[in-house]
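Here's the letter readout for the chains.
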Amino acid sequence: LIIGESFAKEHSSLYGYSRCTNPCLEDLRNKGELFIYENVKAPSVYTTDAFRHFMSTYSSSNSENKWYECLNIIDLMKTAGYTTYWFSNQSKTGVHDSEVTRYSQLCDSVYFTNDKELGVRRTTLDEELLPPLKAFCQSADTTDTQKNFIIIHLMGSHSAFNMRYPVSYNQFSGEVYSSDYPNLSVKNRQLLAEYDNSIFYNDKVVSELFNIFQNEEAIVFYFSDHGIDAFYSSDDYIGHATQNNESSVSYAKEIPFVIYTTPLYKEKFVDEYQRMSQSLS
C-alpha cells in the first residue's frame, strides 16, 4: 500500500492533464499493467483526518466512534496472518505527524528515513526509501508460508513543492518566457510549475516502487491521502483546500487511485484479476 501526499488528480496526465506529469505510469497503463480508477475521492482534505478514515473503519459521521478504537487495517492484516511493515519519508513526530505515526507503531517493523521533527521543512527525497525497500525484498521471507503487508508513506507533493524533487526534474517552467502557464502571474506560474514538477518526480518514484515488487507475488495499491486546491477556487491561492469553500474542498478530494499487479499475482489469482478488470467498466 503506497500512500501519496497532496496529489490533485486534475494534475495527472494519467487522468487527462494537458502536461505530461505521469509518463512512467502511463507507460504501465499502455502495457496493460495498471488498473486506473476514475471515481475515487479522498475522505478529507487533510492528512491526519484522511488517515483516520482510510486506515480504519472510523467514520466522522458517527459521533460515537473514536478513531483509535476502530478496527484498523494493520490489525486486520495481522489477524489474516500477515507480517506488517511501515516505510515512511514523513516526519515521525510533530503537530501533524504523531497521529499518523501511531498507526505505524502497530506494525511489526517500522522504518523512517529521518526521525527529526522537520515537518514540511524536511528535504529528504522519496527516493531515499528505495534502497531499504530493495534490501527488504532481497532479505525477506517470500515463501508461500510468509505473507507480508507493506505500507509506504511518501512525502509526495507536500508544500514546499520545490523541496520534493531534485533539480534534474525541473520539467516545467514558470518563467516569463515559458508558455507552460500563460494565464497566471509570474509568481503563481512558478508555484504551479514546482507543483507539477513534484508530481513528475513522484511518478518516477512510484513506478520504481512498483518495479521493486515485480518479481514477487504482489498486488500494489497507490493513492494520495488528498489533493490540493491548485488555483482552482482562486487565481491567487494554492494549498490545502479552504474548508468553508465547497468548490475548493470538492476539487481537493479528487485523487488518483491505481492498482499494479505483478506477473506472479496475475498467474495465481486469475479470478481476482478478472474482477479488478471488470470493476473498471
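Residues numbered from 1 in each chain as written. Predicted model: local features only at pLDDT ≥ 70, side-chain atom pairs only at ≥ 80, totals over all residues. Heavy atoms only, no water.

1. Considerations on empty space enclosed by the protein
Then step 1. In the structure shown here, the tally under the stated rule is two cavities of 30 Å³ or more.
Then step 2. Of the pockets and cavities examined, the second largest cavity occupies roughly 40 Å³.
Then step 3. Lining the second largest cavity are Asn 89, Thr 124, Leu 125, Asp 126, Met 155, Gly 156, Met 163 and Arg 164.
Then step 4. Of the residues contributing to the lining of the second largest cavity, the split by class is three nonpolar, three polar and two charged. (1 Å grid on protein atoms, 1.4 Å probe; cavity = no way out; pocket = protein on both sides within 12 Å on 5 of 7 lines; lining within 4 Å. Points joined across faces, edges and corners; volume = space filled by probe spheres on them. Nonpolar A, V, L, I, M, F, W, Y, C, P; charged D, E, K, R; others polar.)

2. Points about the layout of surface pockets
Over the atoms, a rolled probe matching the size of one water molecule traces out where space is still vacant.
Then step 1. Volume-wise, the largest pocket comes out at about 840 Å³.
Then step 2. Along the wall of the largest pocket there are 31 residues; nearest its centre are Tyr 82, Asn 148, Glu 217, Ala 218 and Ile 219.
Then step 3. Of all the secondary structure elements, the ones that give two or more residues to the lining of the largest pocket are α3 (73–79), α5 (130–139), β5 (147–153), β6 (219–224) and α8 (263–268).
Then step 4. Residue composition of the lining of the largest pocket, grouped by class: 21 nonpolar, five polar and five charged. (Helix = DSSP H or I, 4+ residues; strand = E, 2+ residues; numbered from the N terminus.)

3. As for the nonpolar core
A general tendency of soluble globular proteins is for nonpolar side chains to be buried together.
Then step 1. Among the nonpolar cores identified, the biggest contains 49 residues, and Leu 34, Leu 133, Ile 152, Leu 154, Leu 209, Phe 210 and Phe 213 are the most heavily contacted of them.
Then step 2. Contributions of two or more residues to this core are made by α1 (23–30), β2 (34–37), β3 (82–88), α5, β5, α6 (186–212), β6 and β9 (257–261).
Then step 3. Here this core takes eleven residues from α6, the largest share from any one element.
Then step 4. Once residues lying within four places of it in the same chain are set aside, the contact partners of Ile 152 are Leu 1, Ile 2, Ile 3, Phe 87, Leu 129, Leu 133, Leu 209 and Phe 213.
Then step 5. Phe 35, Val 100, Phe 223 and Ile 259 belong to the second-largest nonpolar core, a separate cluster that totals 25 residues. (Core = buried A, V, L, I, M, F, W, Y, C linked by side-chain atoms within 4.5 Å. Buried < 20%, exposed > 50% of the residue type's maximum accessible area, 1.4 Å probe, protein only. Contact = heavy atoms within 4.5 Å.)

4. Focus: the environment of Ala 160
Then step 1. Looking at the element boundaries, Ala 160 is found in the loop between β5 and α6.
Then step 2. When the C-alpha positions of Ala 160 and Glu 194 are compared, they lie 8.7 Å apart, and in sequence the two are 34 residues distant.

5. Observations regarding the packing of α5 against α6
Then step 1. Relative to each other, α5 and α6 sit at 10°, their axes nearing to 10 Å. Relative to α6, α5 is oriented roughly parallel. Note on element contacts: α6 touches α5 through Glu 208, Leu 209 and Ile 212, opposite Leu 130, Leu 133, Lys 134 and Cys 137.
Then step 2. Residues belonging to the contact of α5 with α6 are distributed by class as follows: five nonpolar, no polar and two charged. (Axes fitted to C-alpha atoms, helices over the stretch in contact; angles between N-to-C directions. Parallel < 35°, antiparallel > 145°, perpendicular 65-115°, else oblique.)

These results come straight from atomic positions and should not be treated as a statement about function.
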